[in-house]
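# Structural overview
This is what each chain is made of:
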Amino acid sequence: MSKHNSNPGPDIWVLCDFDGTASVKDVQNMLLDHFLGKSWRLQVEAVLARGEKSTTYMPMLYKDWLASKEEMIQVIDENAALDPCFPRFVEYCREQGYHLEIVSDGLDIYIEHLLAKHKLDDIPFTSNRLVFEDGKCRIDSPFQSESCGLCGNCKKQRVLAAREAQAHCLVYIGDGISDECPAGLSDITFAKGGLLAYCREHNLEAVQFRDFSDLLAAFPETLDSWLLSTDWLRG
Ligand SMILES: [Mg+2]
Ligand SMILES: [Zn+2]
C-alpha cells in the first residue's frame, strides 16, 4: 500500500465535499428545515430555475436568524453525523501522503464541530461562515470567486490552487450542485446523487460511489489505473 509513498511519489490532492458526502445527510438542509420550516426549498428552486446559485439564495435564507450558536450546536449534535467510514478515509490519505481538503458551500459551524468530534479538526476546509451578532446570525461568504459568481464558496478555486501547487492528480468527491464547478476540472471524480446525474448529462467521467466504505474500496484501484494511464507507474 506504500506505492504512492515511495520516493518521489506523485503529489495527489483530494478535494472532498462535506454535506451529504463527508456527512451522512446534508447538514445545511437539516438546519434550514429546523429553523425555517420546509418552505425555503421553494425559494431555492426559484433561484436555481433562473440559473443562479447560492450567492443569490443564501443571503435570502440566512437573514437575521434568532438562533444562538449553542442552540445550533445542540441541533447539529442531535441530527447530524459524519459518514462512519470517513475517519478511516482520512487515515488512508494520511498513510499515503495525499493532501486532503474539505471544500464546502455549507457552513463552518457544523463542519468544525463534526470534525472536532472525531479529532479531525486539522483537516483544512473552506466554506461559508455563520456570524453571530446580538443574538442573531447571518452568513458571510469570504470565498466567492469573480470568475464564477454563482457559488457562495466556489470550489473551482481550490482546484486552481492544486494546479498551481503542481498537483500530479486531482481527485474530487461530491454529490451536489456546488460540486458541478470543480468536477469538470478534476482528473478523477467520485460522484453520487445530483452530481452523478450532472456528470452523466454532461459526459464527464465519474466513478459512482454510495458512501465512504465503497469509496475506500474503489479508491486505490481507480487512482492506480489513472496513474498508469498517465505513465506514472510505468518504467
Ligand atoms: Mg453535498
Ligand atoms: Zn462556482
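Everything in this summary refers to the structure shown in the same document. None of the values given here were measured: they were computed from a predicted structure.

Helix packing geometry: the angle between the two helix axes and the distance between the axes. At a closest axis distance of 9 Å, the pairing of helix H6 (residues 86-96) and helix H11 (residues 212-229) adopts a crossing angle of 25°. What the angle tells us is that H6 and H11 run roughly parallel. Here H6 runs over H11; the crossing is left-handed. Seen from H6, the contacting residues are Phe-86, Arg-88, Phe-89 and Tyr-92; seen from H11, they are Phe-212, Leu-215 and Leu-216.

For strand S5 (residues 169-174), a buried count of 6 out of 6 residues is recorded, marking the element as mostly surrounded by other parts of the structure. Burial along S5 is two-sided: Cys-169, Val-171 and Ile-173 and Leu-170, Tyr-172 and Gly-174, pointing in opposite directions, are all buried. Pairing analysis gives 5 bridges linking strand S1 (residues 12-16) to S5, with the strands arranged parallel. Note on S5: the bridge partner recorded for Cys-16 is Ile-173. With 4 bridges connecting them, S5 and strand S6 (residues 188-191) associate as parallel partners. Each residue of the ladder has a partner; that of Tyr-172, found in S6, is Thr-189.

Turning our attention to unusual backbone geometry. At Asp-64, a position not held by glycine, the phi torsion is positive, near 50°. Within the fold, Asp-64 resides in the loop between helix H4 (54-61) and helix H5 (69-79). Taking the C-beta count within 10 Å as the criterion, Asp-64 has 11 such neighbours and is therefore assigned exposed. Of note, Asn-203 is a non-glycine position whose phi angle comes to about 55°, a positive value. Along the chain, Asn-203 falls in the loop between helix H10 (193-201) and strand S7 (207-208).

Here strand S3 (residues 125-133) runs beside strand S4 (residues 136-140); their pairing, made up of 5 bridges, is antiparallel. Bridged to Val-131 within S4 is Arg-138. Hairpin geometry of S3 and S4 is characterised by an intervening segment of 2 residues between the two adjacent antiparallel strands and by a positive phi of about 50° at Asp-134.

Now for helix H2 (residues 27-36). Within the span of H2, buried status applies to Val-27, Gln-28, Leu-31 and Leu-32. Looking down the long axis of H2, one finds its buried residues gathered within 135° of arc, a one-sided arrangement. The elements touched by buried residues of H2 are helix H1 (18-22), helix H3 (40-49), H4, H5, strand S2 (99-107) and helix H7 (108-117). A positive phi of about 80° marks Gly-37, the residue just after H2.

Taken in spatial order, the 7 strands line up as S4-S3-S2-S1-S5-S6-S7 in an open sheet, and their pairing is mixed. For this open sheet the edge positions go to S4 and S7, each flanked by a neighbour on one side alone. Its contacts with the sheet place H7 against S2 and S3, and it is angled at close to 140° to S2. Packing of H10 onto the sheet brings it into contact with S5, S6 and S7, and relative to S6 it is tilted by some 130°.

As a further point, take the packing of H5 against H7. Orientation of H5 relative to H7, taken along the N-to-C sense of each, is 55°, at an axis distance of 10 Å. One finds that H5 runs oblique with respect to H7. The interaxial crossing formed by H5 with H7 has right-handed handedness. Together, Lys-69, Met-72, Ile-73 and Ile-76 of H5 and Ile-109, Tyr-110 and His-113 of H7 make up the contact between the two elements. Residues that form the contact of H5 with H7 fall into these classes: 5 nonpolar, 1 polar and 1 charged.

This part takes up the environment of Met-30. Mapping Met-30 onto the fold places it in helix H2. Residues Met-30 and Lys-119, 89 residues apart in the sequence, show an inter-C-alpha distance of 23 Å.

What counts, and at which threshold
- Residues numbered from 1 in each chain as written.
- Chains lettered and ligands numbered in written order.
- Predicted model: local features only at pLDDT ≥ 70, side-chain atom pairs only at ≥ 80, totals over all residues.
- Axes fitted to C-alpha atoms, helices over the stretch in contact; angles between N-to-C directions.
- Helix = DSSP H or I, 4+ residues; strand = E, 2+ residues; numbered from the N terminus.
- Parallel < 35°, antiparallel > 145°, perpendicular 65-115°, else oblique.
- Left-handed = near helix turned anticlockwise from the far one by under 90°.
- Contact = placed C-beta atoms within 7 Å.
- Buried ≥ 20, exposed ≤ 12 C-beta atoms within 10 Å, placed from the backbone.
- Pairing = 2+ DSSP bridges.
- Arc of directions from axis to C-beta.
- Nonpolar A, V, L, I, M, F, W, Y, C, P; charged D, E, K, R; others polar.

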